[in-house]
Amino acid sequence: MTAHLEVAEGVGTIRLDRPPMNALDIATQDRLKELAEEATRRDDVRAVVIHGGEKVFAAGADIKEMQVMDHAGMIARAGALQDSFTAVARIPKPVVAAVNGYALGGGCELALCADFRIAADNAKLGQPEILLGVIPGAGGTQRLARLVGPSKAKDLIFTGRQVKADEALAIGLVDRVVPAAEVYEQAHAWAARLAQGPAIALRAAKESIDAGLETDLDTGLTIERSWFAGLFATEDRERGMRSFVEEGPGKAKFL
């Protein structure tokens, strides 16, 4: 398998395993979709880490595979390509990308599907598709612009340049930079902490934010209001408020 799912302490790690550079060929794209859907279904997975290993996150799509595809072939494939990444983005649980080494092209687009990105101090990220005469096709033109703003996204996509970890942090492409040896450990710790939280409320928060970003403010507020009221029917809401009243803030146990 080119990727697999490991579960421990409520955290599911989707681990890419296609040496040497974790190139995201069609088989790996399809496997990512399967694993994202599995992580979504499984009750024992309460948060997710996406990791490519200690040396590289993912260096992009398999260019040799794409080189032989014509226009008709890519029309047939492009939807499935986007669907595989969208499946990761729509996991209704907290997702963190643990980025070591290169996250380029499809690798960067995969990291963009996470809620939070922890990068190694030697990481390099970018969307170099323009250097191949194409543009990002797995969500890069959309998710990158929403994350860092259109001007910065255009800079990266128009030039195809790679950014080092410090610049990625400065522009908001990653959220934390740590020593390379600590990337997975810190990503797992972030996910494990959230795995102890109220699962339905976390889902509500994620879906409210993500859906709200795609619409106008009034519609976003309607989405928030619906989720907010709905959470008053959950056991976690009852447990959390009872704990606050009886024990003080931050002491509720949701497992």
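As a starting point, this report considers the structure included with it.

Parameters at a glance
- The residue numbers shown here count from 1 along each chain, following its written sequence.
- Only residues with pLDDT of 70 or above have their local features reported here, since the model is predicted, and side-chain atom pairs are shown and tallied only from 80 upward, although totals for entire chains, interfaces and linings are computed over all residues.
- Excluding hydrogens and water, the side-chain values take into account all heavy atoms of the structure.
- If DSSP finds at least two bridges between two strands, the strands pair.
- Counting from the N terminus, the helices are DSSP H or I runs at least four residues long and the strands are E runs at least two residues long.
- Lines are fitted to the C-alpha atoms to define the axes, a helix being fitted only along its stretch in contact, and any angle between axes, read from their N-to-C directions, falls within 0 to 180 degrees.
- We call two directions roughly parallel when the angle between them is under 35 degrees, roughly antiparallel when it is over 145, roughly perpendicular when it lies between 65 and 115, and oblique otherwise.
- Handedness of a helix crossing follows the sense of rotation of the near helix relative to the far helix, less than a right angle counterclockwise being left-handed and clockwise being right-handed.
- Should any heavy atoms of two residues lie within 4.5 Å, those residues are considered in contact.
- For this classification, the nonpolar set comprises Ala, Val, Leu, Ile, Met, Phe, Trp, Tyr, Cys and Pro, the charged set comprises Asp, Glu, Lys and Arg, and every other residue, Gly included, is treated as polar.
- Buried residues of nine kinds, namely Ala, Val, Leu, Ile, Met, Phe, Trp, Tyr and Cys, make up a nonpolar core once their side-chain atoms join them within 4.5 Å.
- Throughout, exposure labels follow a simple rule: accessible area from a 1.4 Å probe, protein chains only, divided by the maximum for the residue type, with under 20% read as buried, over 50% as exposed, and the rest as partly exposed.
- A pair of Phe, Tyr and Trp rings is counted when the ring centres sit within 6.5 Å of each other, with Trp represented by its six-membered ring. The angle between the planes then sorts it: under 30 degrees is stacked, over 60 is edge-to-face, the rest tilted.
- Our definition puts a charge over a ring when NZ of Lys or CZ of Arg is within 6 Å of the ring centre and also within 35 degrees of the ring normal.
- The definition of a polar contact used here is a pair of N or O atoms within 3.5 Å, where within protein one atom must be able to donate a hydrogen and the other to accept one, and adjacent residues in sequence count solely through side-chain atom pairs.
- Should a side-chain nitrogen of Lys or Arg be within 4 Å of a carboxyl oxygen of Asp or Glu, the pair is scored as a salt bridge.

## A word on the sheet that holds strand S5 (residues 102-104)
Item 1. Taking strand neighbours across the sheet as the criterion, the 3 strands line up as S5-S7-S8 in an open arrangement whose pairing is mixed. In this open sheet, the two strands that pair with only one neighbour each are S5 and strand S8 (162-164). Strand-to-strand twist in this sheet, taken as the mean axis angle between neighbours without regard to direction, amounts to 20°.
Item 2. By the bridge criterion, 3 bridges tie S5 to strand S7 (residues 124-126) in an arrangement that is parallel. Bridging from a neighbouring strand, tyrosine 102 pairs with lysine 124 of S7.

## Focus: the packing of helix H5 (residues 140-148) against helix H6 (residues 150-159)
Item 1. Remark: H5 packs on H6, axes separated minimally by 7 Å, with the N-to-C direction vectors making an angle of 135°. Here H6 runs oblique to H5, going by the angle between their axes. The crossing of H5 and H6 is right-handed. Two secondary-structure elements touch here, H5 through Gly140, Thr141, Leu144, Ala145 and Val148 and H6 through Pro150, Lys152, Ala153, Leu156 and Ile157.
Item 2. In the contact of H5 with H6, the residues fall into 7 nonpolar, 2 polar and 1 charged.

## Some points on the nonpolar core
Item 1. Counting residues in hydrophobic clusters, the biggest one holds 60 residues, and the most contacted among them are Phe57, Leu125 and Leu173.
Item 2. Broken down by element, this core gets its largest block of residues, 7 residues, from helix H8 (residues 183-195).
Item 3. With residues up to four places along the chain from it excluded, the contact list for leucine 125 reads Ala103, Leu104, Cys108, Arg161, Gln162, Val163, Ala168, Leu173 and Val174.

## A look at the packing of aromatic side chains
Item 1. Taken as a whole and judged by the stated rule, the model has 2 aromatic pairs.
Item 2. With centroids separated by 5.4 Å and ring planes inclined at 75°, the aromatic side chains of phenylalanine 228 and phenylalanine 232 adopt a geometry described as edge-to-face.
Item 3. Judged by relative accessible area, phenylalanine 228 falls into the exposed class, the value being 54%.
Item 4. Residue class for phenylalanine 232 comes out partly exposed when judged on its relative accessible area of 38%.
Item 5. Over the ring of tyrosine 184 we find arginine 15; its NZ or CZ atom is 5.1 Å from the centre of that ring.

## Some thoughts on the environment of arginine 161
Item 1. Tracing the chain through its elements places arginine 161 in the loop between H6 and S8.
Item 2. Arginine 161 gets classed as partly exposed once you look at its relative accessible area, which sits at 29%.
Item 3. Sequence separation of arginine 161 and alanine 3 is 158 residues, and the distance between their C-alpha atoms is 27 Å.
Item 4. Side-chain polar atoms of arginine 161 contact the side chain of glutamate 167, separated by 2.6 Å.

## Looking at the pattern of salt bridges
Item 1. Enumeration according to the criterion identifies 17 salt bridges in this entry.
Item 2. The salt bridge involving glutamate 6 is made with arginine 15; its shortest N-O contact spans 3.1 Å.
Item 3. Close ionic contact of arginine 117 with aspartate 175 constitutes a salt bridge, the shortest N to O distance being 3.9 Å. Highlighted residues: arginine 117 in strand S6 (residues 116-120) and aspartate 175 in the loop between helix H7 (165-171) and strand S9 (176-178), separated in sequence by 58 residues.

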